[in-house]
Amino acid sequence: MAKLILSMDGLVLKEIPLLKERMSIGRKAHNDIQIDNMAISGEHAAVVTILNDSFLEDLNSTNGTLVNGQSVKKHFLKDGDVIELGKYKMKYLAVSVAPGETPDYDKSMLFQSGPLPDVATLGDPMVATAGQRPVAATATAASPAAAIQLLSGANAGRELLLTKTLTTLGKPGLQVAVIARRPHGYFLTHVEGASFPTVNGKTLDAQAHRLEDHDVIAIAGVKMEFFIKA
């Protein structure tokens, strides 16, 4: 399990395992990782962990977020990366991958430094590339085939098969979410944006939400229906 080592002035303060898919960092008490310092914004940043990978997102903080000395907005975390928030530092220690194994997806396609794919286009770049790890392929095979169909927008009626381990949907800078195909079903997780997606009119929280047949999802102002393929 990946973890963060919180320190200040070289003194280790806390070891924080990344137990949740989304862990918020900030000065306010409701954050998963609270740093009570005026240099830290109330809601400063968040770390999202999907499968064995984590990425950091700055939540429009006042003083910004650095990784290895460079200012970032979104950044895929690599083992040994050092996150800086004011005088505090957090070292990211990743999950080790066994020799011969590959990641379940190509993360460079999921969250690039450039614009993320737009849900309204439903083009191939939206779909993450799955790895070839035999264990992952066997596990996802247990999930029934599924798809989403756009219900609104210029491309209403278009359908996208959820054949990959992860499918990214949304509009960069507004709202982004991923649908993860797991052995026991399909799960929608919020990734980016101040507002969260809705399912059947109910706003989700930061936790992964299991999708049921014919659920209606709204992401970045676009409605779509999730359904199991017969």
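Residues numbered from 1 in each chain as written. Predicted model: local features only at pLDDT ≥ 70, side-chain atom pairs only at ≥ 80, totals over all residues. Heavy atoms only, no water.

(A) Local environment of the overall build of the protein. When helices and strands are counted, the protein shows two helices and 21 strands. Counting only residues that meet the buried cut, the protein has 44% of its 230 residues in that class. For the protein, long-range pairs separated by at least 24 residues make up 43% of all intrachain contacts whose partners lie at least 6 apart in sequence. When the accessible surface of the protein is summed, it comes to about 11,300 Å², and 53% of that surface belongs to carbon and sulfur atoms. (Helix = DSSP H or I, 4+ residues; strand = E, 2+ residues; numbered from the N terminus. Buried < 20%, exposed > 50% of the residue type's maximum accessible area, 1.4 Å probe, protein only. Contact = heavy atoms within 4.5 Å. Areas by Shrake-Rupley, 256 points an atom, 1.4 Å probe, with all protein chains shown as cover.)

(B) Unusual backbone geometry, seen in detail. Positive phi, close to 75 degrees, is recorded for His214, a residue that is not glycine. Residue placement: His214 occurs in the loop between strand S19 (209-210) and strand S20 (215-219). Judged by its relative accessible area of 47%, His214 is partly exposed. Even without a glycine there, the phi angle at Ala220 is positive, about 55 degrees. Relative to the helices and strands, Ala220 resides in the loop between S20 and strand S21 (222-228).

(C) Looking closely at the environment of Gly86. With respect to the helices, strands and loops of the structure, Gly86 is situated in the loop between strand S10 (82-85) and strand S11 (88-93). Linking Gly86 and Ile40, residues 46 residues apart in sequence, is a C-alpha distance of 6.6 Å.

(D) A look at the pattern of salt bridges. Enumeration over the complete set of coordinates arrives at six salt bridges. Across the pair Lys229 and Glu159 runs a salt bridge, and its minimum N-O distance is 2.9 Å. Of this pair, Lys229 sits in the segment after S21 while Glu159 sits in strand S13 (residues 159-161), and the two are 70 residues apart along the sequence. (Salt bridge = Lys/Arg side-chain N within 4 Å of Asp/Glu carboxyl O.)

(E) Region of the structure containing the nonpolar core. Grouped together as the largest cluster of nonpolar side chains are 21 residues, with contacts concentrated most on Leu4, Leu18, Ile25, Val47, Leu56, Ile83 and Met90. For this core, the element with the most residues is S11, which contributes three residues. Beyond its immediate stretch of four places on either side in the chain, Leu56 contacts Ala45, Ala46, Val47, Thr65, Val67, Val72, Lys73, Lys74, His75, Leu77 and Ile83. (Core = buried A, V, L, I, M, F, W, Y, C linked by side-chain atoms within 4.5 Å.)

(F) Broad picture of the sheet that holds strand S6 (residues 53-58). Read across the sheet, five strands follow the order S4-S3-S5-S6-S9 without closing on themselves; strand pairing throughout is mixed. Every other strand in the sheet has two partners, leaving strand S4 (33-34) and strand S9 (74-76) as the edge strands with one partner each. (Pairing = 2+ DSSP bridges.)

(G) Just the pairing of S10, in detail. Every second residue of S10 is oriented toward a common face, the buried set being Ile83 and Leu85 and the non-buried set Val82 and Glu84. By the bridge criterion, two bridges tie strand S7 (residues 65-67) to S10 in an arrangement that is antiparallel. Across the sheet, Leu66 pairs through a bridge with Glu84, a residue of S10. Where S10 and S11 come together, four bridges link them in antiparallel fashion. Residue pairing in the sheet places Glu84 in a bridge with Lys89 of S11. Following S10, the chain reverses through two residues before pairing antiparallel with S11; Gly86 in that reversal takes a positive phi of roughly 60 degrees.

(H) Broad picture of the environment of Glu159. Judged by relative accessible area, Glu159 falls into the partly exposed class, the value being 39%. Spatially, the C-alpha atoms of Glu159 and Phe226 are 9.8 Å apart, while their sequence positions differ by 67 residues. Polar contacts involving the side chain of Glu159 include one to the side chain of Lys229, which spans 2.9 Å. (Polar contact = N/O pair within 3.5 Å; in protein donor to acceptor, adjacent residues only side chain to side chain.)

(I) Region of interest: the sheet that holds strand S14 (residues 166-171). The four strands are arranged S14-S15-S16-S19 in an open sheet whose pairing can be described as antiparallel. With one partner strand each, in any of the chains shown, S14 and S19 form the two edges of the open sheet. Alignment of strand S16 (residues 185-192) against S19, held across two bridges, turns out to be antiparallel. Note that in S19 the partner of Phe187 across the bridge is Arg210.

(J) Main features of the packing of aromatic side chains. Applying the stated rule across the entire model yields two aromatic pairs. Taking 5.6 Å as the distance between ring centres and 45 degrees as the angle between the ring planes, the aromatic pair formed by Phe55 and Phe76 counts as tilted. Taken as a pair, Phe55 in strand S6 and Phe76 in strand S9 lie far apart in primary sequence, 21 residues in all. Classification of Phe55 by relative accessible area gives buried; the value is 2%. Each ring, one from Tyr186 and one from Phe226, has its centre 5.5 Å from the other, and the planes form 55 degrees; the classification is tilted. With a gap of 40 residues between them, Tyr186 in strand S16 and Phe226 in strand S21 connect regions that are remote in the sequence. For the pair shown, Tyr186 and Phe226 are each scored as buried. We note Arg182 situated over the ring of Phe187; from NZ or CZ to the ring centre the distance is 4.7 Å. (Phe/Tyr/Trp six-rings, centres within 6.5 Å; stacked < 30°, edge-to-face > 60°. Lys NZ or Arg CZ within 6 Å of the ring centre and 35° of its normal.)

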